[in-house]
Amino acid sequence: MDESQWWPEDKLKQGQLQQLRNLLAYSIVYSSFYKERLKNIDPGKLSLEQFREIPVLTRSDLQSSRATIDCSQVPESHGKSTEVMTSGSTAKPVSLLGTGLTSMIWNAINLREHLWHDRVIAATTAAIRWRPDDVGMAPDGVTFDDWGMPVNQFYKTSAAYYLNSSSNISDQLQWLEQLKPSYLMTHPSNLQGLVEESKRQNSDLSFVKQFRTVGESVSDAQRQIVEDEFGQELVDFYSSQELGYIALQCPQQSHYHVQAESLIVEVLREDGSPCAPFESGRLVITSLRNYATPLIRYEVGDYGEIGEPCACGRSLPVLNKINGRVRNMLQLPNGERHWPNFGFRKIMDITELRQFQVVQHSLETMELKLAVVGSVEPQQEQSIKEILQQHIGHPFEIEISYHEELQRNANGKFEDFVSLI
Ligand SMILES: [Zn+2]
C-alpha cells in the first residue's frame, strides 16, 4: 500500500478491475443471490462499463436477502468469518460477515492513517466517543497502557485514554485538562461542544496537537472553528461497519482519498448515472476483499462528491466531501431536496450556542432547537429566523424552542438536521 498509493491512475484501475473480476467470479459460484444477479456477466471479460450496469445493492436487499447473498464457503486463506452488526443508524440494523482478511485490511489502513498524519506514537492519545452503555463515564474514564491494536504490534506507544461521550461537556473538559493528551479523537458535534465550552471557561487546550473526528460528517463550519480556535487542521476519516475504512483525509488537504486498494467508490445521480466532480450524489461502494458477504455496488446510505486529482501526488481517487445520511436531506415545497446549510456561523455571532438542531416537520414548517448560554431576545430570534430562511432558500415558518441539552439519536450520533417528512 505504501507503493500503490503512488501508482499511476491507470495501473491502480487495472488492479481494481482484476480484483473485481476475481470477486465476481467467486460470487457467481458461491452466492446464489449473485449467481442470479450476475447471470449475464462474464467476469473474465468484465469492463468497468459493464460493472456500472450491475443493479445497486440496497440496505434493504442486504437485510432481506442476507441468507442468499452470503457465500456458501470462504477461501481458507481469508481466515475466520465473523458476524458484524451495524449499530442501527437506520431503524433496522444490517448484519453481515467479515473475514480475517477484511480485518487485516482494516488494521493496515488504520496504520496508514497514523503514518499519513505523522503521529508521534510515543505521545498520549485520548478518545471521547459514544458507546451504548455507561462504561468510561467522567470523572475517571478508562486508561489503557498503549494505543492498542494494530499500533502496539509495531511501535512502543504511550497511554491511551477513553471517556464516554455521554459525560457532560464541562466534565469532559476537566478530564482533558487533567490528562493533557497530545491527540484527541471525538465526534464532530462533541468537538464543537468542547470548543464552545473551552471558550466559555477560557481554558487552554493547546496541549492537543491534533484534533481527530469520527462517526459523523464534518461540516466546513466545524473545520473552520477548530482552525480559528487552535490554528490547526482537523483530521477526519470516513468508515462504515459494513465496509471498514472507506476514505482517509489527505495528509496535505482537507479532502479525502478513497482506499482504492480495498474498495471501489462510485458517486451516482438519482437516475444512476455517474456524477461530475463537485456534484453531490449517492455513494455506491464495492468491497473488493469481502468473500463472505460480497458487497457489490452497495448503497451505503451516505452522499458525497468526487473531487479532482490531488496535488499531493497520490493517485487514490479524491472525495471532496462526504455528507451524512440520506434521510437528512431538506425538502422544499417544490419537491427539490438538498443538503442544508443553515448559516450557523452567522447565528453564533448573534448568540452563544451550545447546541443546535433543525427539525423539518412539514413542507412548510421547521423547528430550530437551541441550547444557549444565557437568554435570547425577541429581536435576536427574528434575526436568527431570517438567517435560517435566507440560507435554506425558502421562507419556512420557523419555530424556536429552547432546551437544556439536545438528545442524540439511537445510534449515539448527533444530527444537526432531522427531517420528519
Ligand atoms: Zn492528497
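Residues numbered from 1 in each chain as written. Predicted model: local features only at pLDDT ≥ 70, side-chain atom pairs only at ≥ 80, totals over all residues. Heavy atoms only, no water.

## Considering the overall build of the protein chain
Okay, so step 1: A tally of helices and strands in the protein chain yields ten helices and 20 strands.
Okay, so step 2: Its C-alpha atoms give the protein chain a radius of gyration of 22 Å, within 12% of the compact-globule value 22 Å for 421 residues.
Okay, so step 3: Along the three orthogonal principal directions, the C-alpha set of the protein chain runs to about 70 × 60 × 40 Å.
Okay, so step 4: Within the protein chain, buried positions represent 52% of all 421 residues.
Okay, so step 5: Taking all contacts inside the protein chain whose residues are at least 6 apart in sequence as the whole, residues at least 24 apart take part in 66%.
Okay, so step 6: Roughly 19600 Å² of accessible area belongs to the protein chain as shown, and the carbon and sulfur atoms make up 48% of that amount.
Okay, so step 7: When the 39 basic and 55 acidic side-chain charges of the protein chain are each reduced to a single mean position, those positions are 6 Å apart. (Helix = DSSP H or I, 4+ residues; strand = E, 2+ residues; numbered from the N terminus. Rg over C-alpha atoms; globule rule 2.2 N^0.38 Å. Buried < 20%, exposed > 50% of the residue type's maximum accessible area, 1.4 Å probe, protein only. Contact = heavy atoms within 4.5 Å. Areas by Shrake-Rupley, 256 points an atom, 1.4 Å probe, with all protein chains shown as cover. Lys, Arg positive; Asp, Glu negative; His and termini not counted. Charge placed at Lys NZ, Arg CZ, Asp CG, Glu CD.)

## Some details on the pairing of strand S19 (residues 397–402)
Okay, so step 1: As paired elements, strand S18 (residues 365–372) and S19 share six bridges and run parallel to each other. What sits directly across from Thr-365, in S19, is Glu-397.
Okay, so step 2: For the segment spanning S18, helix H10 (residues 378–392) and S19, crossover handedness is right-handed. (Pairing = 2+ DSSP bridges. Right-handed = clockwise from strand over helix to strand, strands pointing away.)

## A short note on the pattern of salt bridges
Okay, so step 1: All told, the structure shown has 17 salt bridges when counted by the stated rule.
Okay, so step 2: With its nearest N and O atoms 3.2 Å apart, the salt bridge here joins Glu-242 to Arg-59. With Glu-242 in the loop between strand S8 (235–240) and strand S9 (244–249) and Arg-59 in helix H4 (residues 59–69), this residue pair connects regions lying 183 residues apart in the sequence. Side by side, Glu-242 and Arg-59 carry an identical accessibility label, which is buried.
Okay, so step 3: Between Lys-321 and Asp-220 there is a salt bridge whose closest N-O contact spans 3.5 Å. With a gap of 101 residues between them, Lys-321 in strand S14 (residues 318–325) and Asp-220 in helix H8 (residues 220–230) connect regions that are remote in the sequence.
Okay, so step 4: Given a relative accessible area of 48%, Asp-220 falls into the partly exposed group. (Salt bridge = Lys/Arg side-chain N within 4 Å of Asp/Glu carboxyl O.)

## Regarding the sheet that holds S18
Whether parallel or antiparallel, the strands of a sheet pair through hydrogen bonds between backbone atoms.
Okay, so step 1: Overall, mixed pairing links the four strands, which are arranged S19-S18-S17-S20 in an open sheet. Every interior strand has two partners, whereas the edge strands, S19 and strand S20 (417–419), have only one. Neighbour-to-neighbour, the strand axes of the sheet open up by a mean angle of 20°, direction not taken into account.
Okay, so step 2: Packed onto the sheet, H10 meets strand S17 (353–360), S18 and S19 and runs at close to 130° relative to S19. (Axes fitted to C-alpha atoms, helices over the stretch in contact; angles between N-to-C directions.)

## A short note on the domain arrangement of the protein chain
Okay, so step 1: When cut into domains, the protein chain gives domain 1 (4–108 + 238–327) and domain 2 (330–419).
Okay, so step 2: Domain 1 and domain 2 are separated by 34 Å when their C-alpha centres are compared. (Domains from an automatic or database assignment.)

## Some details on the coordination of the zinc ion
Okay, so step 1: Cys-250 (SG), His-257 (NE2), Cys-310 (SG) and Cys-312 (SG) make up the full set of protein donors to the zinc ion, lying at 2.1 to 2.3 Å.
Okay, so step 2: Angles of 102 to 116° at the metal separate the four donor atoms of the zinc ion, which places the site in the tetrahedral class.
Okay, so step 3: Classification of Cys-312 as buried rests on a relative accessible area of 10%. (Donors = N, O, S within 2.8 Å, 3.2 Å for Na, K, Ca; no water. Tetrahedral: all angles 85-135°; square planar, octahedral: opposite > 155°, others 65-115°.)

## Observations regarding H10
Okay, so step 1: Taking 1.5 Å of rise per residue, 15 residues should cover 21 Å, and H10 covers 21 Å from first to last C-alpha, within 8% of that figure.
Okay, so step 2: Along H10, the residues classified as buried are Ile-384, Ile-387, Leu-388 and Ile-392. One side of H10 carries all its buried residues, which in axial view fall inside an arc of 125°. Of the residues in H10, the exposed ones pointing more than 90 degrees away from the buried face are Pro-378, Gln-379 and Gln-390.
Okay, so step 3: Where H10 terminates, the next one or two residues include Gly-393, which has phi positive at roughly 85°. (Expected span 1.5 Å × (residues − 1). Arc of directions from axis to C-beta.)

## Some points on the packing of helix H7 (residues 188–200) against H8
Okay, so step 1: Where H7 contacts H8, the two axes come as close as 10 Å, and the packing angle between them is 35°. In the packing of H7 onto H8, the handedness of the crossing is left-handed. Along the contact surface, H7 presents Pro-188, Ser-189, Leu-191, Gln-192, Val-195, Ser-198 and Lys-199, while H8 presents Gln-222, Ile-225, Val-226, Glu-229 and Phe-230.
Okay, so step 2: Within the contact of H7 with H8, the residues separate by chemical class into six nonpolar, four polar and two charged. (Left-handed = near helix turned anticlockwise from the far one by under 90°. Nonpolar A, V, L, I, M, F, W, Y, C, P; charged D, E, K, R; others polar.)

## Quick notes on helix H6 (residues 169–179)
Okay, so step 1: Residues Gln-172, Leu-173, Trp-175 and Leu-176 constitute the buried set of H6. Buried residues of H6, seen end-on, are gathered within an arc of 160° and therefore sit on one face of the element.
Okay, so step 2: The inward-facing, buried residues of H6 abut strand S3 (125–129), strand S5 (160–164), strand S6 (183–186) and H7.
Okay, so step 3: Within two residues after H6, Lys-180 carries a phi angle of roughly 45°, on the positive side.

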